[in-house]
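# Examining the three-dimensional arrangement
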Amino acid sequence: MNQHTILPVFAFLLGAVVGSFLNVCISRMPRGESVVSPPSHCPLCNHRIRWYENIPLLSYVMLAGKCSGCRSRISLQYPLVELVNGLLTLFLFLKLGPSLTFLALFLFCSSLVVVTFIDIEHQIIPDEISLGGILAGFAFSFVLPWLGWLDSLIGIVAGGGSLLLVAYGYQLFTGKEGMGGGDIKLLAMMGAFLGWQAIPFIIFISSLAGSIFGITLMMIQKKDSKLAIPFGPYLVFGAILYIFYGRQIILWYLSLGTPDRG
């Protein structure tokens, strides 16, 4: 293998290995448990997972998706998280190469993977991630060449403030809470890492995707608009789409309004 092949493979493996730790976070954080102690174990029989049973992706295949202690079924979520984080890391590396920007967005996207799976299952977004992410994104803004601290600070205020106004307005007119504080802090975190310029794009894409999926789900399940749907995953989708294709999509959209002079 030459260097052009080894580094992308290493990037994928890095993402998959970190994905194994993300599984611990996804499992324990909603219950308020430590993510470092005790060591990984089966939640049913408490069998301590050996190192060779914790190899990302491979161990799930070798164990045939079952615990070696009690033979209970291991959730498909575990290899899925490892695969998703591995692919995200690979694509980030191919786009950015070995750089400080890659490191920042690698940490950012890994945290978004945790947010997505926790919000889908529990409909909460841990403050440890969103508030910690706000601080981390703002800290990175002082060293990233494309993100100034003022852009990051405005992004925090614009991201959190915009959803706060939406939530307040919805509650004012309906008397019901329509958006949790976790979503507000999550968008503020996205503004910290990506700058205020990303906020309109993320809000538009997440609202569009959420509306399409929500309406489709309500039609399939034949439920009314009171169906609770976590909004965090749609914000995550908008943020990741912005990282990889935001500029191209914005330029394409602006070109639609340019008159043809041909």
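See above for the structure.
Next up on the list: the environment of R71. If you trace the backbone, R71 turns up in the loop between α2 (58–62) and α3 (77–96). With 165 residues separating them in the primary sequence, R71 and V236 have C-alpha atoms 35 Å apart. The contact partners of R71, leaving out residues within four places of it in the chain, are L63 and K66.

On to the packing of aromatic side chains, then. Summed over the entire model, instances satisfying the criterion amount to 9 aromatic pairs. Taken together, the ring pairs in this structure connect F93, F102 and F106 into an aromatic cluster.

Time to look at the nonpolar core. Counting residues in each nonpolar core, the largest one holds 51 residues, and the members touching the most others are F108, L112, L186, M190 and L194. Broken down by secondary-structure element, the contributors of at least two residues to this core are α1 (3–28), α3, α4 (100–122), α5 (127–140), α6 (149–174), α7 (181–194), α8 (198–221) and α9 (232–256). With 12 residues, the top contributor of residues to this core is α4. Setting aside chain neighbours within four positions, we find F108 in contact with M189, M190, F193, L194, A239 and I243.

This part covers α8. With 24 residues, α8 extends 34 Å between its outermost C-alpha atoms, agreeing within 8% with the 34 Å of an ideal straight helix rising 1.5 Å per residue. For α8, the set of buried residues is A198, I199, F201, I202, I205, S206, A209, G210 and G214.

Here we come to the packing of α7 against α8. Following both chains from N to C, one finds α7 and α8 inclined at 140 degrees, their axes separated by 9 Å at the closest point. As the angle between them shows, α7 and α8 are arranged oblique. Considering the relative orientation of α7 and α8, their crossing is right-handed. For the pair α7 and α8, the contacting residues are L187, M190, G191 and L194 in the first and A198, I199, I202 and I203 in the second. Of the residues belonging to the contact of α7 with α8, the class tally is 7 nonpolar, 1 polar and no charged.

Procedures and definitions
Residues numbered from 1 in each chain as written. Predicted model: local features only at pLDDT ≥ 70, side-chain atom pairs only at ≥ 80, totals over all residues. Heavy atoms only, no water. Helix = DSSP H or I, 4+ residues; strand = E, 2+ residues; numbered from the N terminus. Contact = heavy atoms within 4.5 Å. Phe/Tyr/Trp six-rings, centres within 6.5 Å; stacked < 30°, edge-to-face > 60°. Core = buried A, V, L, I, M, F, W, Y, C linked by side-chain atoms within 4.5 Å. Buried < 20%, exposed > 50% of the residue type's maximum accessible area, 1.4 Å probe, protein only. Expected span 1.5 Å × (residues − 1). Axes fitted to C-alpha atoms, helices over the stretch in contact; angles between N-to-C directions. Parallel < 35°, antiparallel > 145°, perpendicular 65-115°, else oblique. Left-handed = near helix turned anticlockwise from the far one by under 90°. Nonpolar A, V, L, I, M, F, W, Y, C, P; charged D, E, K, R; others polar.

These figures come from the coordinates and say nothing about function on their own.
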